[in-house]
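Understanding the architecture of this molecule
Here is what each chain is made of, one letter per residue.
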Amino acid sequence: MLKIASLTFNPIQENTYVVWDDTLECIVVDAGNSTPRENAALQEFIERNGLKPVLAVNTHGHFDHTLGVEFLKQTYGIPFALSAKDAFLLDGAALSGGIYGVHVGKMPSIDLDLDGQAEIRFGHTVLQVIPTPGHTPGHVSLYEPTEGILFTGDTLFRESIGRTDLPGGDYSWIMRSILERLVPLGDRVRVYPGHGPETTIGHETLYNPFIVEVLNNEVNYKG
């Protein structure tokens, strides 16, 4: 059985997920820890639960999701997985963070390019890598089909979607990602987003205004 812990970090209130199974191998999804205190909180959680980190993996490259990756690489000697299509966001992280008044330290280098990668593995767990561009060009979602668990990053939130007005964003693409790649996974799929509370695909098809307006033919998302 997959276990998931959500730790909310940095001034942007980003959800960092520690994910593990019965082997105690774990991955950290979107490590946003940004201060010594947050670093210590993440490390203490990992060690208190006897976990063995094997990978830092990101849904996308925005600074609020990558602030803690270098700490994980240095502390545990683990690789970093991100689509190379989002590498430009790592290069511009200091400038982006400065706009929001957030200090951005050293950004990590990409060890595993998720572009074209079908899955990632740890312990007994296999997560499917689903390309979901729109918020960023290289955005992916991570899906565990047996238990119906989906990490959506900043593509899909509870009753909202990710911004598309930032560099590399595209409304048509994010809606294609949601409606053509995520919604078909099924109503019972549990969604763990990059910000805010958990939700389900079923809830979003009923109450997410961006999805509902398309399903009601009020908006043509294909442009």
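Let us look at the structure shown here. Values in this document were obtained by computation on a predicted structure and should not be read as measured data.

A word on the pattern of salt bridges
- Counted under the stated rule, the structure contains 6 salt bridges.
- Of the charged contacts in the structure, one is a salt bridge between lysine 73 and aspartate 111, with a shortest N-O distance of 2.9 Å. With lysine 73 in helix H3 (residues 69–76) and aspartate 111 in the loop between helix H5 (93–99) and strand S6 (112–113), this residue pair connects regions lying 38 residues apart in the sequence.
- With a closest N to O distance of 2.8 Å, arginine 121 and glutamate 119 form a salt bridge.

So, the sheet that holds strand S5 (residues 80–82)
- As summarised here, the arrangement of the 6 strands in space is S1-S2-S3-S4-S5-S6, forming an open sheet in which the pairing is mixed. Since the sheet does not close on itself, it has two edges, and those belong to strand S1 (3–9) and S6, each with one partner.
- Where S1 and strand S2 (residues 14–20) come together, 7 bridges link them in antiparallel fashion. For isoleucine 4, the partnering residue across the bridge sits in S2 and is valine 19.
- Lying on the sheet, helix H1 (residues 36–48) is in contact with S1, S2 and strand S4 (52–57); it crosses S1 at an angle near 170°.

So, the environment of proline 79
- Here proline 79 shows up in the loop between H3 and S5.
- The exposure class of proline 79 is partly exposed, given its relative accessible area of 32%.
- Here the alpha-carbon distance between proline 79 and valine 28, two residues 51 residues apart in the chain, equals 11 Å.
- Those residues in contact with proline 79 that lie beyond four places of it in its chain are Val54, Leu55, Ala56 and Asp111.

Rules and cut-offs
- Residues numbered from 1 in each chain as written.
- Predicted model: local features only at pLDDT ≥ 70, side-chain atom pairs only at ≥ 80, totals over all residues.
- Heavy atoms only, no water.
- Salt bridge = Lys/Arg side-chain N within 4 Å of Asp/Glu carboxyl O.
- Helix = DSSP H or I, 4+ residues; strand = E, 2+ residues; numbered from the N terminus.
- Pairing = 2+ DSSP bridges.
- Contact = heavy atoms within 4.5 Å.
- Axes fitted to C-alpha atoms, helices over the stretch in contact; angles between N-to-C directions.
- Buried < 20%, exposed > 50% of the residue type's maximum accessible area, 1.4 Å probe, protein only.

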